[in-house]
Amino acid sequence: MNIILLGPPGAGKGTQAQRLVDAHGMRQLSTGDMLRAAVKAGTPVGLQAKAVMERGELVSDEIVSALIGEELDSMGPDMGAIFDGYPRTAAQAEALDDILAARGRKLDHVIELEVDEDALVERICGRFTCANCGKGYHDKFAQPRIPGVCDKCGSTEFKRRPDDNEDTVRTRMAEYRAKTAPILPIYEARGIVARVNGMADIDDVTTAIERIITSG
Ligand code: AMP
């Protein structure tokens, strides 16, 4: 199964992708995570992407599509893929069709997480993750059970994304509205789009997604 999770920054794509990984052994393909890893490692791609990401603008289509192709090549043919934060432009959507076709895969569902943009700024600016296992938390909505200790792995190291500040978030949302939302009609024409209320409780969002992917 190959699924795209679509929605503006902070809609909950990463959280829901993690849950699908845990429940179904699928692979999360997050171009944002791949780019952050490249920045951290100081690779040529990372050096090119760093400033663009800090501004909240989009990295080039060629770079992200190449990352997706490489990641798919490292997976077994039967392992499901969850595309999180990709595609983000019409050119990326076209590239993904080719990338999937070349590997004998096809898109099963595009799930759009619908959200209220004003609430997103609060959601994004308070979020942080475990530096060891990546589990997501939030200052206001999802603190670890024991303060300062990760629920999942016990680590006491946490991190925040440098682009999770209000100015950059506004740019990221404008990019979403201008370049990413317009790709939905491509998938609507294929009858594979489903919409989920991303403002609902995290568990309810998961239930809604499970219903979509088990409905065939
Ligand atoms: P994300 O973690 O998905 O919010 O992505 C963080 C940042 O990485 C974005 O603001 C972009 O600068 C860059 N990025 C991630 N995925 C893509 C993509 N598919 N196309 C272009 N830029 C991307």
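Everything below is about the structure shown above.
Just so it is clear, the model here is predicted, and its values are computed rather than measured.

### Brief notes about the packing of aromatic side chains
Link 1 in the chain: Applying the stated rule across the entire model yields 3 aromatic pairs.
Link 2 in the chain: Their ring planes at 80 degrees and their centres at 5.5 Å tell us that Phe128 and Phe158 sit as a pair that is edge-to-face. With a gap of 30 residues between them, Phe128 in strand E5 (residues 127–130) and Phe158 in strand E7 (residues 158–159) connect regions that are remote in the sequence.
Link 3 in the chain: Here Tyr137 and Phe158 contribute two aromatic rings whose centre-to-centre distance is 5.7 Å and whose plane-to-plane angle is 80 degrees, an arrangement assigned as edge-to-face. With a gap of 21 residues between them, Tyr137 in strand E6 (residues 136–138) and Phe158 in strand E7 connect regions that are remote in the sequence.
Link 4 in the chain: When its relative accessible area of 24% is taken as the criterion, Phe158 is described as partly exposed.
Link 5 in the chain: Put simply, the rings of Phe128, Tyr137 and Phe158 touch in pairs and so form one group of aromatic residues.
Link 6 in the chain: Directly above the aromatic system of Tyr137 lies the positively charged group of Lys135, at a separation of 5.6 Å from the ring centroid.

### Focus: the site of the ligand
Link 1 in the chain: As a structural note, the neighbourhood of the ligand is formed by 16 residues, with Thr31, Arg36, Glu57, Gly85 and Gln92 the closest of them.
Link 2 in the chain: Contact distances for the ligand include 3.0 Å between a nitrogen atom and a backbone N or O atom of Val59.
Link 3 in the chain: At 3.0 Å from an oxygen atom of the ligand is found a side-chain nitrogen or oxygen belonging to Arg161.
Link 4 in the chain: A total of 480 Å² of accessible area belongs to the ligand in isolation, and the protein chains cover 97% of it.
Link 5 in the chain: Among the elements that line the shell around the ligand, the one with the most residues is helix H2 (residues 31–41), at 4 residues.
Link 6 in the chain: Grouping the amino acids of the shell around the ligand by side-chain chemistry returns 6 nonpolar, 4 polar and 6 charged.

### Here we look at the sheet that holds strand E2 (residues 27–30)
Link 1 in the chain: Here 5 strands make up an open sheet; going across it, the order is E2-E3-E1-E4-E8 and the pairing parallel. Looking at strand neighbours, the two that pair on one side only are E2 and strand E8 (193–197), the edges of this open sheet. Strand-to-strand twist of the sheet, defined as the mean angle between neighbouring strand axes without regard to direction, takes the value 25 degrees.
Link 2 in the chain: Two elements, E2 and strand E3 (residues 81–84), share 4 bridges in a ladder whose sense is parallel.

### A few points about the pairing of E5
Link 1 in the chain: The sheet contact formed by E5 and E6 spans 3 bridges and is antiparallel. Pairing of Thr129 across the sheet is with Gly136, part of E6.
Link 2 in the chain: Strand direction decides the pairing type here: E5 and E7, joined by 2 bridges, are antiparallel. Residue pairing across strands places Thr129 opposite Lys159, the latter belonging to E7.

### Section: the environment of Cys130
Link 1 in the chain: Counting through the fold element by element, Cys130 comes out in strand E5.
Link 2 in the chain: Classification of Cys130 as buried rests on a relative accessible area of 1%.
Link 3 in the chain: Sequence separation of Cys130 and Ala101 is 29 residues, and the distance between their C-alpha atoms is 36 Å.
Link 4 in the chain: What Cys130 contacts, discounting residues up to four positions off in sequence, is Lys135, Tyr137, Cys150, Cys153, Ser155, Glu157 and Phe158.

### So, helix H7 (residues 166–180)
Link 1 in the chain: Taking 1.5 Å of rise per residue, the 15 residues of H7 would be expected to cover 21 Å, and the 20 Å separating its terminal C-alpha atoms lies within 8% of that figure.
Link 2 in the chain: Here the buried face of H7 lies against strand E1 (2–6), helix H3 (44–55), strand E4 (109–114), helix H6 (117–125), E5 and helix H8 (184–188).

### Quick notes on the pattern of salt bridges
Pairs can form between side chains of opposite charge whenever their charged atoms are close.
Link 1 in the chain: One pass over the structure, following the stated rule, counts 22 salt bridges.
Link 2 in the chain: Between Asp203 and Arg19 there is a salt bridge, with the nearest N and O atoms lying 2.8 Å from each other. Of this pair, Asp203 sits in helix H9 (residues 202–214) while Arg19 sits in helix H1 (residues 13–24); the two residues are 184 residues apart in sequence, bridging distant segments of the chain.
Link 3 in the chain: The partner of Glu188 in a salt bridge is Arg195, and the shortest N-O contact between them spans 2.4 Å.
Link 4 in the chain: Given a relative accessible area of 42%, Arg195 falls into the partly exposed group.
Link 5 in the chain: One network of salt bridges, in which partners are shared, links Arg127, Arg161, Asp163, Asp164 and Arg172.

What counts and how
Residues numbered from 1 in each chain as written. Predicted model: local features only at pLDDT ≥ 70, side-chain atom pairs only at ≥ 80, totals over all residues. Heavy atoms only, no water. Phe/Tyr/Trp six-rings, centres within 6.5 Å; stacked < 30°, edge-to-face > 60°. Helix = DSSP H or I, 4+ residues; strand = E, 2+ residues; numbered from the N terminus. Buried < 20%, exposed > 50% of the residue type's maximum accessible area, 1.4 Å probe, protein only. Lys NZ or Arg CZ within 6 Å of the ring centre and 35° of its normal. Near = heavy atom within 4 Å. Polar contact = N/O pair within 3.5 Å; in protein donor to acceptor, adjacent residues only side chain to side chain. Areas by Shrake-Rupley, 256 points an atom, 1.4 Å probe, with all protein chains shown as cover. Nonpolar A, V, L, I, M, F, W, Y, C, P; charged D, E, K, R; others polar. Pairing = 2+ DSSP bridges. Axes fitted to C-alpha atoms, helices over the stretch in contact; angles between N-to-C directions. Contact = heavy atoms within 4.5 Å. Expected span 1.5 Å × (residues − 1). Salt bridge = Lys/Arg side-chain N within 4 Å of Asp/Glu carboxyl O.

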